[in-house]
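# Notes for the structure review
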Amino acid sequence: MYAKYGSIEDACQLFNGMNGHDSVSWNAMVSAHSIHGQGKMALLLFEEMKREGFAPDEITILAILQACSYTGLCLFNEMESNYGIRSVIEHFACIVDPLGKAGRLPEAMNFINSTFPDSPLLWRTLVSVCKLQGDLDFGMLASKNLLGLLPEKAGSYILVSNTCAGSGMLEEAAKVGTDMNDLKLSKVAGCSWIEIDNKVHCFVASSKDHPESREIYAKLDQLMDEIKWKNCEIDDAHLIGEIVKYK
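Cut-offs and rules
Residues numbered from 1 in each chain as written. Predicted model: local features only at pLDDT ≥ 70, side-chain atom pairs only at ≥ 80, totals over all residues. Heavy atoms only, no water. Phe/Tyr/Trp six-rings, centres within 6.5 Å; stacked < 30°, edge-to-face > 60°. Helix = DSSP H or I, 4+ residues; strand = E, 2+ residues; numbered from the N terminus. Buried < 20%, exposed > 50% of the residue type's maximum accessible area, 1.4 Å probe, protein only. pLDDT = per-residue confidence, 0-100. Contact = heavy atoms within 4.5 Å. Axes fitted to C-alpha atoms, helices over the stretch in contact; angles between N-to-C directions. Parallel < 35°, antiparallel > 145°, perpendicular 65-115°, else oblique. Left-handed = near helix turned anticlockwise from the far one by under 90°. Nonpolar A, V, L, I, M, F, W, Y, C, P; charged D, E, K, R; others polar.

Applying the stated rule across the entire model yields four aromatic pairs. Here F92 and F116 contribute two aromatic rings whose centre-to-centre distance is 4.9 Å and whose plane-to-plane angle is 85 degrees, an arrangement assigned as edge-to-face. Remark: F116 occurs in the loop between α7 (105-114) and α8 (120-133) and F92 occurs in helix α6 (residues 89-101); sequence separation between them is 24 residues. Looking at F92, the relative accessible area reads 9%, which means it is buried.

Let us now look at the confidence of the model for the protein chain. When pLDDT is averaged along the protein chain, the result is 79; 85% of the residues meet or exceed 70. In the model of the protein chain, helix α13 (residues 237-246) stands out as the element of lowest mean pLDDT, 48, in contrast to α7, which has the highest, 92. Predicted confidence is poor over residues 236-247, with pLDDT under 50, and the contacts of this stretch with residues over four places away or in other chains come to 14 contacts.

This brings us to the packing of α6 against α7. Each pair of packed helices can be summarised by the angle the axes make with each other and by the distance between the axes. Closest axis-to-axis distance for the α6/α7 pair is 8 Å, and the angle between their directions is 160 degrees. In terms of orientation, α6 and α7 fall into the roughly antiparallel class. Helix-helix and strand crossings are classified by hand; for α6 and α7 the assignment is left-handed. Each of F92, I95, V96, L99 and G100 in α6 lies in contact with α7, whose residues at this interface are L105, E107, A108, F111 and I112. Within the contact of α6 with α7, the residues separate by chemical class into eight nonpolar, one polar and one charged.

Right, let's get into the environment of A173. Positionally, A173 belongs in helix α11 (residues 170-182). With relative accessibility at 8%, the residue A173 sits in the buried group. With 14 residues separating them along the chain, A173 and L159 place their C-alpha atoms 9.9 Å apart. If we ignore the near neighbours within four places in the chain, the residues touching A173 are S161, C164 and A165.

Printed below as a string of structure tokens:
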């Protein structure tokens, strides 16, 4: 929980203060370092876990695959022979993701084409990392494959549209939105919950149905004014679009 909320130091302190460790606590710490981009620490814990006599399971393997591109690929190739773990599609996605984040987009695309070229999950993963890397050429190739596999899923169009918008291709982003409208596709509005004083509050994206929505949006305006006052810059085009949409 500490790691998910960004406090890797507190997570480590809690782990080190435990009287004993089990597979759950080892997996939690390996995953914690993985999601924070600390691949070397994840690998060190992975090796220590094995020395302590704990066998890796599917969760451990996923964490290591997410943590490192080269090491993860080696582990992927020997996970069944060494650990008796059969690969599932999520493991393949965890190879595409670190390869892409390492800038090895051609390898990531070749990996998809040589394994599961009909998997929407793998192409969606590649589109996301192309957006992160700012590589429009590979992003458009991956987008074409994704939309070809899932022409009826609104989420795929939205991902492609955001990729185009993030690269400054506003006309292409608008065209994707038009195609989505022509197909009469719509995305289910995102919803989140928060509990305050034993009362659950539900929030729907862009909605003003909450009884305190006026105060909430006033606070958002105040935060935006503080950002401007402190001369903070927002470079993410998608984030700017989200802020405008909510306002």
